[in-house]
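# Summary of structural features
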Amino acid sequence: MALTQNTKTNRYVDQQLRTVPTQAGAHIFKGALLEWSPTGFVRPLTGTGLFAGIAYEEIDNTAGEDADAHVRLFTIGDFEFTFPAALPQDVNRPVYATDDHTLTFSSTGATLVGYLQQHVGPGSIILRLPGRPTPTPQRIEHHSQSRTLSLASSDAVLTNLGAAAAITMTTPQNPPSGTALKFVCMADAQLRIQPGPGAAIYVKGIKQADNKYVAIADIGHFIHLVADGNGDWIAVASIAGTDAGITVEA
């Protein structure tokens, strides 16, 4: 119903610390990764719910019902975590968790909890909580020379604008499953996408030979690659409604 008089609206100045109800039977430890249960209460993360935040304090609701106890949790910020599998080159990778303190790069049976902001040292990272997603403009990268791509290029449209001859863009090696790369031909020259040693590109469901490029050469043609989690890439192309314009290296 529309307002017919002035009303007071509560304003939350602190954007990082929230108080939320806990699930029946939950024992939450300080520093635990938490998730929302299907009924709308927080509990220690199991890898099956939506990420809620990091516990600011310990709360024991093992003998209580839903919402009998409340817990304060961090919903945004950077936090140091143990993550033995992480390497310095993993900066910006999405990070998942399978329980309230175990991190992984695999999304299988896990919940997204943030992004690797910094590799502090062996076994230690800075995890940036994902917060609330906000729309961001699509970034464009124009390259007139061959180059090796990093995982950071997964948020950009990659073109060969300005290239006077064929150029080759080499994909990141062993990318996490679901990593996407977008290529658009914007020069009258071949734009080659090279998967690198031990990796291959699938075209029309057919796996090409390892370390062989695929290419487009007509302005406006594009190829999208998606990592399959096994080191290879699946190509999705739109070439006037077909992918007949894709050239595969012999």
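Our structure is the block above this text.
Below is a summary of the structure that appears in this document. Not measured: the values here are computed from a predicted model. (Residues numbered from 1 in each chain as written. Predicted model: local features only at pLDDT ≥ 70, side-chain atom pairs only at ≥ 80, totals over all residues. Heavy atoms only, no water.)

Considering all chains together, one arrives at 3 aromatic pairs under this definition. Ring centres of F83 and F105 lie 4.8 Å apart, and the angle between their planes is 50°; this geometry places the pair in the tilted category. On the criterion of sequence distance, the pair formed by F83 in the loop between β8 (78-82) and β9 (94-97) and F105 in the loop between β10 (103-104) and β11 (111-121) is long-range, its members being 22 residues apart. Accessibility expressed as a relative area gives 2% for F83, which makes it buried. Since its relative accessible area comes to 16%, F105 is described here as buried. An aromatic cluster of three or more residues is present, and its members are Y56, F74 and F79. The ring centre of F105 lies 3.8 Å from the NZ or CZ of R93, which sits over that ring. (Phe/Tyr/Trp six-rings, centres within 6.5 Å; stacked < 30°, edge-to-face > 60°. Helix = DSSP H or I, 4+ residues; strand = E, 2+ residues; numbered from the N terminus. Buried < 20%, exposed > 50% of the residue type's maximum accessible area, 1.4 Å probe, protein only. Lys NZ or Arg CZ within 6 Å of the ring centre and 35° of its normal.)

Take the pairing of strand β12 (residues 124-128) next. Taking burial as the measure, the 5 residues of β12 include 4 buried ones, the bulk of the element. Sheet topology note: the β8/β12 ladder contains 5 bridges and is antiparallel. Among the inter-strand pairings, F79 is bridged to a residue of β12, identified as L127. In terms of strand pairing, β11 meets β12 through 5 bridges, oriented antiparallel. Bridge pairing in β12 links L116 to L127. Counting the residues that bridge the hairpin from β11 to β12 gives 2 residues, and of these G123 lies at a positive phi of roughly 80°. (Pairing = 2+ DSSP bridges.)

In this section: unusual backbone geometry. Of note, K204 is a non-glycine position whose phi angle comes to about 55°, a positive value. Within the secondary structure, K204 sits in the loop between β19 (201-203) and β20 (206-207). Notably, N211 is not glycine yet its phi reads approximately 60°, a positive angle. One can find N211 in the loop between β20 and β21 (214-216).

Here the focus is the sheet that holds strand β18 (residues 191-194). With respect to topology, 5 strands assemble into an open sheet ordered β14-β16-β18-β21-β24, the strand pairing being mixed. At either margin of the open sheet sits one strand with a lone partner, and together these are β14 (147-148) and β24 (247-248). In the sheet, β21 pairs with β24 via 2 bridges, with the strands oriented antiparallel. By the bridge assignment, V214 is partnered in β24 with V248.

Position of N10 among the secondary structure elements: in the segment before β1 (17-21). Separated by 25 residues in the primary sequence, N10 and E35 have C-alpha atoms spaced 25 Å apart.

Glancing now at the environment of D60. Inspection of the secondary structure assignment puts D60 in strand β6 (residues 59-60). In this structure the C-alpha to C-alpha distance between D60 and Q23, which are 37 residues apart in sequence, comes to 10 Å. There is a polar contact of 2.7 Å between the side chain of D60 and the side chain of T62. (Polar contact = N/O pair within 3.5 Å; in protein donor to acceptor, adjacent residues only side chain to side chain.)

Looking at the secondary structure, you find T102 in the loop between β9 and β10. It is 32 Å that separates the C-alpha atoms of T102 and T148, two residues lying 46 residues apart in sequence. Residue contacts for T102: discarding those within four places in its chain leaves Y96 and A97. (Contact = heavy atoms within 4.5 Å.)

Counted under the stated rule, the structure contains 7 salt bridges. Between R72 and E57 there is a salt bridge, with its nearest N and O atoms 2.9 Å apart. Here the residue R72 occupies a position in strand β7 (residues 70-74), and E57 occupies one in the loop between β5 (50-55) and β6, the gap between them amounting to 15 residues. For the salt bridge of R93 with D90, the shortest nitrogen-to-oxygen distance reads 3.0 Å. Here R93 falls in the buried class, since its relative accessible area comes to 12%. On the basis of relative accessibility, which here comes to 6%, the residue D90 falls in the buried class. (Salt bridge = Lys/Arg side-chain N within 4 Å of Asp/Glu carboxyl O.)

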